[in-house]
Amino acid sequence: MTPLRLHREIYRGNAVDEALGVFASYGTFERREEAAYWVVEITARTPERERRIAGELGNYALGLTTKGRKR
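(A) Summary view of the packing of aromatic side chains. Taken as a whole, this structure holds two aromatic pairs when the rule is applied. Consider the rings of Phe23 and Tyr26, whose centres lie 6.0 Å apart with planes at 55°: the pair is tilted. A residue is classified by how much of its surface remains accessible, and Phe23, at 12% relative accessible area, is buried. Look at Phe23 and Tyr60: their rings are 5.7 Å apart centre to centre, the planes differ by 75°, and that puts the pair in the edge-to-face class. Taken together, the residues Phe23 in the loop between α1 (13–22) and β2 (28–33) and Tyr60 in helix α2 (residues 47–68) connect sequence positions 37 residues apart. Over the aromatic face of Tyr37 sits the side chain of Arg5, whose NZ or CZ is 4.2 Å from the ring centroid.

Calculation rules
- Here the residue numbering is sequential within each chain, running from 1 through the sequence in written order.
- The predicted nature of this model means local features are confined to residues of pLDDT at least 70 and side-chain atom pairs, given and counted, to a pLDDT of 80 or more, with totals for whole chains, interfaces and linings taken over all residues.
- Remark: hydrogens and water are excluded; side-chain values derive from all non-hydrogen atoms of the structure.
- Side-chain rings of Phe, Tyr and Trp (the six-membered ring for Trp) are treated as a pair once their centres are within 6.5 Å; stacked means planes under 30 degrees apart, edge-to-face means over 60, and tilted covers the remaining angles.
- Categorising residues by exposure relies on relative accessible area from a 1.4 Å probe, with only protein chains included: less than 20% of the type maximum marks a residue as buried, more than 50% marks it as exposed, and the intermediate range marks it as partly exposed.
- Helix and strand labels come from DSSP, where a helix needs a run of H or I of at least four residues and a strand needs a run of E of at least two; each type is numbered from the N terminus.
- Look at NZ for Lys and CZ for Arg. If either is within 6 Å of the ring centre and within 35 degrees of the ring normal, a charge sits over the ring.

Written out as structure tokens, the structure is:
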């Protein structure tokens, strides 16, 4: 299991949730909230795959977050 910590001041919660839906077929995810972070526990076939999913998921969620911000 690989944890992904996304700072709540940077990532919107609905963007994280949407990204989890997009990546659902690549692994198993468990999201929880901490005071300053969204924490996603990622489980996949191999630790390498978990790390790759974590990177891609974080980037996708960040893209959704920035897309949703008003300029």
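The discussion continues.
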